[in-house]
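Spelled out from the first residue to the last, the chains are:
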Amino acid sequence: MDKLVLIDGNSIINRAFYALPPLTSSNGLHTNAVLGFTTMLLKVLEEEKPSHVLVAFDAGKVTFRHEGYSEYKGGRQKTPPELSEQFPLLKELLQAFSISQFELAGYEADDIIGTMAKQAEEQGKTAIIVSGDKDMLQLATERVSVWITRKGVSEVERFTPAGIDEKYGLTPAQIVDLKGLMGDASDNIPGVPGVGEKTALKLLHEFGSVENVLAHVEEIKGKLRENIEANKENATMSKELATIYREVPLTYSLDDVSWKGYDSSTLAAAFRKLEFKSLSERLNLGAADEAMTAETEETATHYEVILVDGQSGWEALNGALAEAEAVVVDSAGDNPHQSEGIGLALAAGGRCYVVPYASLFAPEASRLKEWLLDGGAQKISYDLHRAELVLARSGIELSGQSFDVQLAAYLLDPTEADPSLHGLLQRYGLAPIPTDEAVYGKGAKFRVPAAGDLAKHLAAKADAVRRLREPLAEQLEKLGMHRLYYELEQPLSVVLAGMEKQGIEVRAEALKELGTEFQRRLEETTESIYASAGFEFNIGSTKQLGEVLFERLGLPVVKKTKTGYSTDAEVLEKLEPYHEIVRLILHYRTLSKLQSTYIEGLLKEIRPESGKIHTFYRQTIAATGRLSSQYPNLQNIPIRLEEGRQIRKAFVPSEPGWTIVAADYSQIELRVLAHISGDEGLKEAFLKEMDIHTKTAMDVFGVAADQVDANMRRQAKAVNFGIVYGISDWGLSQNLNITRGEAAEFIEQYFQAFPGVRRYMVDIVEKARTDGYVTTLLERRRYLPEIRHSNFNLRSFAERTAMNTPIQGTAADIIKLAMMRMHEELTGRGLRSRMLLQVHDELVFEVPEEELELMKRLVPDTMKTALKLDVPLLAEVSVGSNWYEAK
DNA sequence: ACGATCACG
DNA sequence: ACGTACGTGATCGTA
């Protein structure tokens, strides 16, 4: 759906000029109005994500309005030079935003906007008009809303026809009548003397229009009547002046104002010129700015593509290995444990050498393989982790991983929408390369192109990595993330690849047996459901299920989704008392989830040759710094319910006589919270190793330890969860099935008991608002642009994220440190034990008999001491012949 | 391709 | 008044 944003340029820049304190750049230019304008512009762009944007300006001095009324706008002071000098700056900046700007001799901005809005309306599009002038309200319709600035430009009031009715009791068309009666001092529209907004509204509520007021003037009493009678013509003329002309002969159309976003480097340059540092940071343009500076000095990128397909090619490549600047490996498919290699490219000394994957197995490739294996030869790439796995499956080892532009870019902004090389180049203002999709196609259309085209693309990618390395490395340095990258994330990626290559043995037989049982009960339950309903239907279809429950069986509708009835577990639990079928459906859901995701799903992932499952940990996905796991996800294997937990019995050691050792952090997030908030009560609770939920219950309910019953502890536990998630009374009330007021009461009690936590929550949100980002203990960073958003929902979400991310992210930092330490311990001590899995607060190992006693101490000790906090960390270890038993 | 649902921390 | 708990991935049905 197309959405236009139409901005009244003169109005907004004027507002901004008078609202903001004077501000000059180092060369003496005034910039406050441009800054205010830009703030407003970004607000509307971020909030509305328009497809079309236009800024309209008044043109010159004389408009058609002056023809009839020479005093029009006569009362206005001359534009001060401090403002006029900002118009060219603004226009230049709008160009940098790639936003269209129009003006037309003889017309004002609002006429252009009125005309455009009308066109938009006729074409079924929606529009938002932004102005400081309430006259604009006359343009509001169902499709056209109007934003009017309040308090300068920092806030806006959004008007729809309904909103105008609510506030003024008028239709949009009556706005001109309002102006006709009350006038507008700033435009020197006289109106009727003595009639302000209140009187004008009263008159219009009674008579409806200027004309009708004049026609019924004898019904009005006293001084007011005299004033109106004496100013009949003024009123009529004022109404005309206030009427926006909507038939401006525009020579451009809506298509001419379409907007596809701005180019980061262009905008970065414009901001730099204006010295808008905070805006640049807010949009995270710092890197683009730097990169661009570097790029212009370095001039354009030139390299020669060499497709290695013969003796001379290999010789050239071998000779260039010593000066390699980047190497990339492409493969087909998302799962690196299955995808086929496509080719390898090496950027070195102004050349890019491209080796089709099959050629890696030619005898001539031996020197290249030695180089790949050489830990002393630094590898700079994009997604080294994936490359290592792909190569490993072909028997080619990779060492010397030194810099990964994907991983670096993730640390610089973990929420970046497009982490592809193409996207990174764009973000850092470097010369673009084609997307993988453009070269390979996607989905069923995936094709490896002919050698020449493939070489070109791989070469471009290697060169792109070469160009990205320095700006990214510099930015890591600048943001204080040097150690996080080089000492933790980069080496961790190699450890992860090792764990994935190792894999974990999963007994297919055990899964199949369990699956047979699930299948039997699934069929049984299906029959019962059909019998209970009286007919058959697809239970897995939420659409059909909704119809059955809420239409045919007449159960009450608890909640709706945007596509129909909600039938999730929360809803079904509420419906259980009404009909026996509900319980059966819940049971069916549980079983079918287990069967399809965990029995059939996992069976498909067991490699027949080894009997193992090799997951793929993704290090650049989660915004908080956590890992994620794919193909399959081994971080969500059932545990909470006994029937699902059985699945874990299939996860076994891969060597006879070995044992599974699992260790998990106890309450790591609340311990992190105790540390970063510094709350004395919380710290003391952990120093004394109290049961934290019981302790919370004691403080929230104001009772002694022995008076805390199971229900109080359960509620306190939910409060603790809420605190970690970024508390809201609504969220807590949902979780505990209590009223919002009761939840608010719990939260208040909690904060009184743990005032340091309240201080943390307030401070971190404030800090996020000031800085635009939050950080973890290890300086991992997450930007929260929406924390300044005017939309309540988006802003609230950002605030909760500001509270949660330092907690969850620091916990992620800690277990990553522990993993590095464990890896060092295992290799350093020459142990045979292997680290296999990470599940956010848990590490799973397989351990030979003779190392069992050592590992039972070493793993929890290493985890506990991974990072020193003001409270102790606790890790609990357990042992078993499979993952189920190690609990 | 996307929403709904549900598995985990 | 606003209406969501934080972070993920896999599967299924439907558009």
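If you check an unreviewed UniProt entry, chain A appears there as DNA polymerase I from Cohnella boryungensis. Word for word, the UniProt comment on chain A under Sequence similarities (unreviewed entry) is "Belongs to the DNA polymerase type-A family." Chain A has a UniProt comment under Subunit (unreviewed entry) that states "Single-chain monomer with multiple functions."

The assigned domain composition of chain A is domain 1 (3–169 + 245–265), domain 2 (295–477), domain 3 (505–613 + 621–649), domain 4 (653–679 + 757–887) and domain 5 (688–753). The centre of domain 1, based on its C-alpha atoms, is set 50 Å off from the matching centre of domain 4.

To continue, consider the protein's contact with DNA strand B. In the vicinity of DNA strand B lie 24 residues, with Thr567, Lys593, Ile639, Arg640 and Asp841 positioned nearest. In the environment of DNA strand B, a phosphate oxygen lies 2.9 Å from a nitrogen or oxygen atom belonging to the side chain of arginine 589. When residues in the surface near DNA strand B are grouped by element, the largest group, 3 residues, is from helix α27 (residues 580–605). For the surface near DNA strand B, the residue count by class is 7 nonpolar, 9 polar and 8 charged.

With 9 of its 10 residues buried, helix α29 (residues 668–677) lies for the most part within the structure. Downstream of α29 by one or two residues, glycine 678 has phi in the positive range, about 70°.

The subject of this paragraph is unusual backbone geometry. With an omega of -5°, the peptide bond running from tyrosine 631 to proline 632 counts as cis. Tracing the backbone through its elements, the reader meets proline 632 in the loop between β19 (628–630) and α28 (642–645). The residue glutamine 667 is not glycine, and still its phi comes out positive at about 50°. By secondary structure assignment, the location of glutamine 667 is in the loop between β21 (659–665) and α29. At glutamate 779, a residue that is not glycine, the phi angle is positive and equals roughly 70°. Tracing the chain through its elements places glutamate 779 in the loop between β22 (773–775) and β23 (781–783). For glutamate 779, a relative accessible area of 36% corresponds to the partly exposed category.

A separate point is the confidence of the model for chain A. Parts of the model with low pLDDT should not have their predicted coordinates read in detail. Per-residue confidence for chain A averages 89 on the pLDDT scale, and 94% of its residues sit at or above 70. Contacts from residues 295–300, a stretch scored under 50 in pLDDT, to residues over four places away or in other chains number 4 contacts.

Now for the environment of aspartate 58. Relative to the helices and strands, aspartate 58 is located in the loop between β2 (52–56) and α3 (64–68). The spacing of aspartate 58 and glycine 9 is 49 residues in sequence and 7.9 Å in space, taken between C-alpha atoms.

Moving on: the environment of glutamate 388. You can see glutamate 388 is positioned in helix α18 (residues 384–393). By relative accessible area, which is 5% here, glutamate 388 ends up buried. C-alpha of glutamate 388 to C-alpha of leucine 317: the two residues are 71 residues apart in sequence and 20 Å apart in space. If we ignore the near neighbours within four places in the chain, the residues touching glutamate 388 are Leu398, Gln401, Val494, Ala497 and Lys501.

Where α18 meets helix α23 (residues 482–502), the axes come as close as 9 Å, and the angle between the chain directions of the two elements is 30°. In the crossing of α18 with α23, the sense of the turn from one axis to the other is right-handed. Where α18 approaches α23, its residues Leu384, His385, Glu388, Leu389 and Ala392 are matched on the opposing element by Gln490, Ser493, Val494, Leu496, Ala497, Glu500 and Lys501. Of the residues in the contact of α18 with α23, the class split is 6 nonpolar, 3 polar and 3 charged.

Across the sheet, which stays open at both edges, the 4 strands sit in the order β7-β10-β9-β8 with mixed pairing between neighbours. What marks the edges here is a single partner per strand, and that holds for β7 (304–307) and β8 (324–332). For this sheet, the mean inter-axis angle between neighbouring strands, taken without regard to orientation, is 20°. Bridge analysis of β8 against strand β9 (residues 340–348) gives 8 bridges, and the strand direction is antiparallel. Within the sheet, the bridge partner assigned to aspartate 330 lies in β9 and is glycine 343. Contacting β8, β9 and β10 (351–356), helix α17 (residues 366–373) crosses the sheet at an angle of about 80° to β9.

Quick look at the protein's contact with DNA strand C now. Contacts to DNA strand C come from 35 residues, most closely from Ser541, Ser628, Arg740, Phe792 and Arg800. Take the atoms of DNA strand C that sit within 4 Å of the protein: sugar and phosphate atoms are 58% of them. The contact in question runs from a phosphate oxygen of DNA strand C to an N or O atom on the side chain of serine 628, over 2.6 Å. Of all the secondary structure elements, the ones that give two or more residues to the surface near DNA strand C are α27, β19, α32 (710–725), α33 (729–736) and α36 (792–828). For the surface near DNA strand C, the element with the highest residue contribution is α36, accounting for 7 residues. Class assignment for the residues of the surface near DNA strand C results in 10 nonpolar, 19 polar and 6 charged.

This paragraph deals with the sheet that holds strand β13 (residues 504–506). Read from one edge to the other, the open sheet built from 4 strands follows the order β16-β17-β13-β20, with strand pairing classed as antiparallel. Here the strands that pair on one side only, and so sit at the sheet edges, are β16 (606–607) and β20 (651–652). Here β13 runs beside β20; their pairing, made up of 2 bridges, is antiparallel. When the sheet's bridge partners are listed, valine 506 is paired in β20 with phenylalanine 651.

What the rule picks out here adds up to 18 aromatic pairs. With 6.0 Å between their ring centres and 55° between their planes, phenylalanine 271 and phenylalanine 276 make a pair best called tilted. Between the aromatic rings of phenylalanine 403 and tyrosine 485, the centroid separation amounts to 5.1 Å while the plane-to-plane angle is 45°, which identifies the pairing as tilted. Here tyrosine 485 lies in helix α23 and phenylalanine 403 lies in strand β12 (residues 401–404), a separation of 82 residues in the sequence. Overall, the relative accessible area of 3% leaves phenylalanine 403 in the buried class.

The biggest cluster of nonpolar side chains holds 159 residues, and the ones touching the most others in it are Ile647, Tyr665, Leu673, Tyr750 and Phe845. Top element by residues in this core is α36. It accounts for 13 residues. Other than its neighbours up to four places away in sequence, phenylalanine 845 contacts Thr659, Ile660, Val661, Met822, Leu826, Arg834, Met835, Leu836, Met855 and Val859. Counting residues in each nonpolar core, the second largest holds 48 residues, with Phe159, Leu178, Val248 and Tyr252 among its members.

According to UniProt, the "domain: DNA-directed DNA polymerase family A palm" (unreviewed entry) feature falls on residues 644–851. Structurally, residues 644–851 comprises 59% helix and 12% strand, and the distance from its first C-alpha atom to its last is 31 Å.

To continue, consider the side chain of aspartate 177. Here aspartate 177 shows up in helix α8 (residues 175–182). Engagement of the side chain of aspartate 177 in a polar contact is seen with the side chain of lysine 239, the distance being 2.7 Å. If sequence neighbours within four positions are ignored, aspartate 177 has contacts with Leu204, Gly208, Ser209, Val210, Glu211 and Lys239.

Right, let's talk about the pattern of salt bridges for a bit. Here the structure, examined in full by the defined rule, presents 46 salt bridges. Residue lysine 559 is joined to aspartate 568 by a salt bridge in which the shortest nitrogen-to-oxygen separation is 2.9 Å. Here aspartate 813 ties to arginine 780 by a salt bridge, and the two come within 2.8 Å at their closest N and O atoms. With aspartate 813 in helix α36 and arginine 780 in the loop between β22 and β23, this pair connects stretches of sequence that are 33 residues apart. Pair check on accessibility: aspartate 813 and arginine 780 agree, each one buried. Connected through salt bridges with shared partners, the residues Glu489, Arg780, Asp813 and Lys816 form a single ionic network.

In this section: the pairing of strand β5 (residues 144–150). A large share of β5 lies buried, amounting to 6 of its 7 residues. In this structure, strand β4 (residues 126–131) lies alongside β5, joined through 5 bridges in parallel fashion. Pairing of serine 131 across the sheet is with isoleucine 148, part of β5. Sheet analysis places β5 next to strand β6 (residues 155–159), joined by 5 bridges and oriented antiparallel. Directly across from arginine 150, in β6, lies its bridge partner glutamate 155.

Definitions and limits used
- Residues numbered from 1 in each chain as written.
- Chains lettered and ligands numbered in written order.
- Predicted model: local features only at pLDDT ≥ 70, side-chain atom pairs only at ≥ 80, totals over all residues.
- Heavy atoms only, no water.
- UniProt positions renumbered as here; feature names shortened; annotations may be inferred.
- Domains from an automatic or database assignment.
- Near = heavy atom within 4 Å.
- Polar contact = N/O pair within 3.5 Å; in protein donor to acceptor, adjacent residues only side chain to side chain.
- Helix = DSSP H or I, 4+ residues; strand = E, 2+ residues; numbered from the N terminus.
- Nonpolar A, V, L, I, M, F, W, Y, C, P; charged D, E, K, R; others polar.
- Buried < 20%, exposed > 50% of the residue type's maximum accessible area, 1.4 Å probe, protein only.
- pLDDT = per-residue confidence, 0-100.
- Contact = heavy atoms within 4.5 Å.
- Axes fitted to C-alpha atoms, helices over the stretch in contact; angles between N-to-C directions.
- Left-handed = near helix turned anticlockwise from the far one by under 90°.
- Pairing = 2+ DSSP bridges.
- Phe/Tyr/Trp six-rings, centres within 6.5 Å; stacked < 30°, edge-to-face > 60°.
- Core = buried A, V, L, I, M, F, W, Y, C linked by side-chain atoms within 4.5 Å.
- Salt bridge = Lys/Arg side-chain N within 4 Å of Asp/Glu carboxyl O.

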